[in-house]
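# An overview of the molecular structure
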Amino acid sequence: MTAPSPEVSAPVEPGAPPSPPPSMRLRELVFGAACAAAVRAAARLGVADALGDAPMTAESLASALRTEPKPLRRLLRALSCYGVFAERPDGTFAHTEMSRLLREDDPNSLRAIAMWCTEPWTWDAWPLLDEAVRTGRNVVEDLYGKEFFTYLNEDAPESADVFNRAMTRSSEQSAREVAALLDLSGSRSVADVGGGQGHVVASLLDKYPAMRGYLLDLPRVVENAVPRLRPGGDLADRTQIVPGDIRVSVPVEADAYIIKNILEWDDESTARLLGNVVEAGGPGTRVVVIENLVDDTPSMRFSTAMDLLLLLNVGGAKHTTDSMVSRLRAAGLSVGDIRPVNPFLHAFDCMVPA
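## Considerations on the nonpolar core
Leu-72, Leu-79, Phe-85, Leu-102, Trp-116, Trp-121 and Leu-152 are the most contacted members of the largest nonpolar core, which has 42 residues in total. Formed by 30 residues, the second largest nonpolar core is a distinct cluster that contains Ile-246, Tyr-257, Met-324 and Val-335.

Right, dumping it as structure tokens:
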């Protein structure tokens with residue numbers, strides 16, 4: 001019998017630390033829950049907010065946070081292994097680019113997203129991933145006896161609040177990038193379909209002072225639209241808020257339609273929504289679809305993880321470039337440019353053929 005080959009680390013650049021061998025890398029992966037839990041703990045405790053620009057000892061941080069210093073040091077040391085905080089030679093801890101993203105006041109803060117992706121229901125659902133893979137169905141309905149968002153709003157209001165804050169912060173950040181990317185100078189009106197609180201349409205109205213905007217989403221969503229779009233807001237006279245279910249109808253005619261991060265449902269719902277947009281806009285209408293992709297992107301690990309989480313909670317899926325294009329063409333759209341908005345979002349620029 002041939003003896004197994006000794007494990008070796010992958011080659012690295014001169015001066016760089018060696019990467020762990022496969023057996024250690026796998027050990028690290030199966031303890032991935034510990035890393036996620038550590039990030040969540042730091043976010044809940046407010047460690048990043050308490051740590052200022054100057055390095056601090058674990059004891060000083062513990063005093064500010066009202067925690068025990070020894071466990072806090074262990075938490076910070078674990079996170080430092082992943083570049084979230086840095087342990088200095090003198091034993092103090094300092095911020096890194098990643099740890100600053102856990103600050104509530106950082107303009108690019110990911111604190112709410114870190115909380116959302118580690119909410120209590122996720123720890124119930126992840127161990128059932130094999131069942132979801134076997135059946136192709138979500139596991140949340142079996143776990144809690146009701147559809148995911150119904151469960152959140154009825155049984156887990158704190159988690160629903162975390163979700164809303166995470167989506168709001170994410171929308172605020174990406175809306176500016178979407179508005180910067182899109183050239184809608186030839187459009188007099190734009191409809192943000194399933195636009196949540198309206199961050200994208202607000203950013204576009206800021207960019208184009210003569211444009212009129214429409215915000216379409218469920219009544220309970222649009223009632224919390226950003227104040228600028230509501231009566232008394234500076235964009236209210238150019239905005240119409242349209243409550244309703246966009247999977248039933250899109251009762252607005254516009255020159256351009258934006259559909260961002262909502263084509264993750266089942267194929268039937270996706271086809272129905274796209275059909276509603278095509279019918280509402282008619283020939284010559286521009287339709288821009290913005291989605292995460294699970295191929296050909298720098299954010300593959302993030303996007304594929306979100307893809308599996310969608311399988312667990314709603315039975316949905318992230319798209320590949322090909323699957324997105326095929327669904328757009330099946331709806332009767334002509335697909336033009338496909339461009340990155342940022343490292344994890346792509347824009348599909350489409351037209352309703354004449």
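Alright, that's what it looks like, and here's the rest.
## Topic: the sheet that holds strand β3 (residues 189-193)
Taken in spatial order, the seven strands of this open sheet run β5-β4-β3-β6-β7-β9-β8, and their pairing is mixed. Each edge of the open sheet is held by one strand with a lone partner, namely β5 (239-243) and β8 (334-342). Pairwise comparison of adjacent strand axes, ignoring direction, gives a mean angle of 20° for this sheet. Where strand β7 (residues 286-291) meets strand β9 (residues 345-351), six bridges bridge the pair, whose relative direction is antiparallel. The residue bridging Val-288 from the neighbouring strand is Asp-349, located in β9.

## Some remarks on helix α15 (residues 267-281)
Relative to the 21 Å expected for 15 residues at 1.5 Å per residue, α15 spans 21 Å between its end C-alpha atoms, a close match to the ideal helical length. The set of residues buried in α15 consists of Ser-269, Thr-270, Leu-273, Leu-274, Asn-276, Val-277, Val-278, Ala-280 and Gly-281. Buried positions along α15 lie against β3, β6 (256-260), β7 and α17 (321-330). Gly-282, located one to two residues past α15, shows a positive phi value of around 80°.

## Topic: the packing of helix α12 (residues 157-181) against helix α13 (residues 199-207)
Where α12 contacts α13, the two axes come as close as 8 Å, and the packing angle between them is 35°. In the packing of α12 onto α13, the handedness of the crossing is right-handed. Seen from α12, the contacting residues are Thr-168, Ser-171, Glu-172, Ala-175, Arg-176, Val-178, Ala-179 and Ala-180; seen from α13, they are His-199, Val-200, Ser-203, Leu-204 and Lys-207. Residue composition of the contact of α12 with α13, by class: six nonpolar, four polar and three charged.

## Some details on the pattern of salt bridges
Evaluation of the coordinates by the stated rule reveals 25 salt bridges. The salt bridge partner of Glu-87 is Arg-77, with a shortest N-O separation of 2.8 Å. Taken together, the positions of Glu-87 in strand β1 (residues 86-87) and Arg-77 in helix α5 (residues 69-80) put the pair ten residues apart, joining distant regions of the chain. In this structure Glu-87 comes out as partly exposed when scored by relative accessible area, which is 32%. A salt bridge links Arg-247 to Asp-245, with the shortest nitrogen-to-oxygen separation between them at 3.4 Å. The class of Arg-247 is partly exposed, set by a relative accessible area of 27%. Several salt bridges converge on common partners, so that one network encompasses Glu-59, Arg-73, Arg-77 and Glu-87.

## Observations concerning the packing of aromatic side chains
The final tally for this structure, using the stated rule, is eight aromatic pairs. Geometrically, the ring pair formed by Trp-116 and Phe-148 is tilted, given 6.2 Å between the ring centres and 55° between the ring planes. Separated by 32 residues along the polypeptide, Trp-116 in helix α7 (residues 111-116) and Phe-148 in helix α11 (residues 148-155) bring together distant segments of the chain. Overall, Trp-116 belongs to the buried group, its relative accessible area being 5%. A connected cluster of aromatic rings, assembled from ring pairs, spans Trp-116, Trp-121, Phe-148, Phe-149 and Phe-163.

## Quick word on the confidence of the model for the protein chain
Taken residue by residue, the protein chain gives an average pLDDT of 92. The fraction at 70 or more is 95%. Scored below 50 in pLDDT, residues 1-6 shows zero contacts in the model against residues more than four places distant or in partner chains. Across residues 8-13, confidence stays below pLDDT 50; counting only partners more than four residues off in sequence or on other chains, it has nine contacts.

## What to know about the layout of surface pockets
Roughly 170 Å³ of volume is contained in the second largest pocket. Broken down by class, the residue content of the lining of the second largest pocket amounts to nine nonpolar, no polar and one charged.

## Re the side chain of Thr-285
Counting through the fold element by element, Thr-285 comes out in the loop between α15 and β7. Residue Thr-285 is classed as buried on the basis of its relative accessible area, which comes to 4%. Aside from chain neighbours lying at most four places away, what touches Thr-285 is Ala-254, Asp-255, Tyr-257, Cys-350, Met-351 and Val-352.

## A closer look at unusual backbone geometry
The phi angle at Arg-66 is positive, at roughly 60°, despite the residue not being glycine. Topologically, Arg-66 is positioned in the loop between α4 (58-65) and α5. Unusually for a residue other than glycine, Phe-85 sits at a positive phi of about 75°.

## With respect to the pairing of β6
β6 sits mainly inside the fold: five of its five residues count as buried. The alternating pattern of β6 places Ala-256, Ile-258 and Lys-260 and Tyr-257 and Ile-259 on opposite faces, both of which are buried. Across five bridges, β6 lies against β7 in parallel orientation. What sits directly across from Ile-258, in β7, is Val-288.

## Let's talk about α13
Residues that lie three or four places apart on an α-helix share one face, since the helix turns once every 3.6 residues. Extensive coverage of α13 is indicated by the burial of seven of its nine residues. When α13 is considered as a whole, its buried residues turn out to be His-199, Val-200, Val-201, Ala-202, Ser-203, Leu-204 and Leu-205. On the buried face of α13, the contacting elements are α12, β3, β4 (212-217), β5 and β6.

Here is what the cut-offs are and how they apply
Residues numbered from 1 in each chain as written. Predicted model: local features only at pLDDT ≥ 70, side-chain atom pairs only at ≥ 80, totals over all residues. Heavy atoms only, no water. Core = buried A, V, L, I, M, F, W, Y, C linked by side-chain atoms within 4.5 Å. Buried < 20%, exposed > 50% of the residue type's maximum accessible area, 1.4 Å probe, protein only. Pairing = 2+ DSSP bridges. Helix = DSSP H or I, 4+ residues; strand = E, 2+ residues; numbered from the N terminus. Axes fitted to C-alpha atoms, helices over the stretch in contact; angles between N-to-C directions. Expected span 1.5 Å × (residues − 1). Contact = heavy atoms within 4.5 Å. Left-handed = near helix turned anticlockwise from the far one by under 90°. Nonpolar A, V, L, I, M, F, W, Y, C, P; charged D, E, K, R; others polar. Salt bridge = Lys/Arg side-chain N within 4 Å of Asp/Glu carboxyl O. Phe/Tyr/Trp six-rings, centres within 6.5 Å; stacked < 30°, edge-to-face > 60°. pLDDT = per-residue confidence, 0-100. 1 Å grid on protein atoms, 1.4 Å probe; cavity = no way out; pocket = protein on both sides within 12 Å on 5 of 7 lines; lining within 4 Å. Points joined across faces, edges and corners; volume = space filled by probe spheres on them.

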